[in-house]
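Close look at the chain arrangement
Below are the chains, spelled out letter by letter.
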Amino acid sequence: MDNCIFCKIANGEIKTDFVYENDKVVVFKDINPLAPIHLLVVPKKHYADLNEIDDKNILAELLNAVKEVCKKEGIKSYRTVINTGSESGQEVFHIHVHILSGKKLGSLC
Ligand code: 5GP
Ligand code: ZN
């Protein structure tokens, strides 16, 4: 999708170090971390948000990538967050799963 920052990161147009990558998903560090560990799990295919995903395999790929990257990085306790819609706090309209870890996390909102 034109002018989508996460499409540009996922397709290599914007050079980014990936913590994890497979054929469907990339994982990279959040530019503005809210915890000592803050990763973003992003599908290579553009979907604006969770409501737009019409392929159950992508949902499985996203959560499986969460598990795989946490295993690879030795992250044992973590929170996952998916914001959907601007009222939830979503700012980048290419779906992504936040992984937050590395400190005792507070309440959800
Ligand atoms: P949202 O609020 O949409 O759920 O989360 C978007 C996240 O993307 C924010 O935590 C923000 O810091 C992160 N972010 C926005 N632009 C960039 C970028 O260009 N690079 C990286 N690594 N993270 C970004
Ligand atoms: Zn995109």
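For the structure itself, consult the block above.
1. Let's talk about the side chain of His96
Inspection of the secondary structure assignment puts His96 in the loop between strand E4 (79–81) and strand E5 (97–101). With a relative accessible area of 7%, His96 lands in the buried category. One polar contact links the side chain of His96 to the main-chain carbonyl oxygen of His94, over a distance of 2.7 Å. Those residues in contact with His96, other than ones at most four positions away along the chain, are Phe6, Leu40, Val41, Val42, Val81 and Ile82.

2. A closer look at the pattern of salt bridges
One pass over the full model with this rule turns up three salt bridges. As a salt-bridge pair, Glu73 and Lys72 come within 3.4 Å of each other at their nearest N and O atoms. Looking at Glu73, the relative accessible area reads 41%, which means it is partly exposed.

3. So, the nonpolar core
By size, the foremost hydrophobic cluster in this structure holds 18 residues, and its most contacted members are Val27, Leu39, Val41, Leu62, Val69 and Ile99. Elements with a contribution of two residues or more to this core: strand E2 (25–29), strand E3 (37–43), helix H2 (56–73) and E5. Counting residues per element, this core draws most heavily on H2, at six residues. Among residues more than four places away in sequence, those in contact with Ile99 are Ile37, His38, Leu39, Val41, Val66, Val69, Cys70, Tyr78, Arg79 and Thr80.

4. Remarks on the pairing of E2
When you tally the buried positions in E2, you get four out of five residues, the bulk of the element. Where strand E1 (residues 20–21) and E2 come together, two bridges link them in antiparallel fashion. Counted as the bridge partner of Glu21 is Val26 from E2. In this structure, the hairpin formed by E1 and E2 is closed by a connection of three residues. Here five bridges tie E2 to E3, and the two strands are oriented antiparallel to one another. Each bridged residue has a counterpart across the sheet, and for Val26 the counterpart in E3 is Val42.

5. Quick word on the coordination of the zinc ion (ligand 2)
All of the protein donors around the zinc ion (ligand 2) are Cys4 (SG), Cys7 (SG), His46 (ND1) and His94 (ND1); their distances to the metal are 2.0 to 2.3 Å. Every donor counted, the four donor atoms about the zinc ion (ligand 2) form angles of 106 to 117° at the centre, which fits tetrahedral coordination. Within one chain, the residues donating to the zinc ion (ligand 2) are spaced in sequence as C-x2-C-x38-H-x47-H. Pair noted here: Cys4 is in the segment before helix H1 (5–10) and His94 is in the loop between E4 and E5, with a separation of 90 residues, a long-range link.

6. Remarks on the site of ligand 1
Taken together, the neighbourhood of ligand 1 is formed by 16 residues, with Lys29, Asp30, Gly89, Glu91 and His98 sitting nearest. Note that an oxygen atom of ligand 1 is positioned 2.8 Å from one of the backbone N or O atoms of Gly89. Here an oxygen atom of ligand 1 and a side-chain polar atom of His98 are 2.8 Å apart. If ligand 1 stood free it would expose 520 Å²; the protein chains cover 83% of that surface. Where the shell around ligand 1 is concerned, the elements lending two or more residues are H1 and E2. Broken down by element, the residue count for the shell around ligand 1 peaks at three residues, all from H1.

Definitions and limits used
- Residues numbered from 1 in each chain as written.
- Chains lettered and ligands numbered in written order.
- Predicted model: local features only at pLDDT ≥ 70, side-chain atom pairs only at ≥ 80, totals over all residues.
- Heavy atoms only, no water.
- Helix = DSSP H or I, 4+ residues; strand = E, 2+ residues; numbered from the N terminus.
- Buried < 20%, exposed > 50% of the residue type's maximum accessible area, 1.4 Å probe, protein only.
- Polar contact = N/O pair within 3.5 Å; in protein donor to acceptor, adjacent residues only side chain to side chain.
- Contact = heavy atoms within 4.5 Å.
- Salt bridge = Lys/Arg side-chain N within 4 Å of Asp/Glu carboxyl O.
- Core = buried A, V, L, I, M, F, W, Y, C linked by side-chain atoms within 4.5 Å.
- Pairing = 2+ DSSP bridges.
- Donors = N, O, S within 2.8 Å, 3.2 Å for Na, K, Ca; no water.
- Tetrahedral: all angles 85-135°; square planar, octahedral: opposite > 155°, others 65-115°.
- Near = heavy atom within 4 Å.
- Areas by Shrake-Rupley, 256 points an atom, 1.4 Å probe, with all protein chains shown as cover.

Everything listed here is a matter of coordinates, which is why it stays silent on function.
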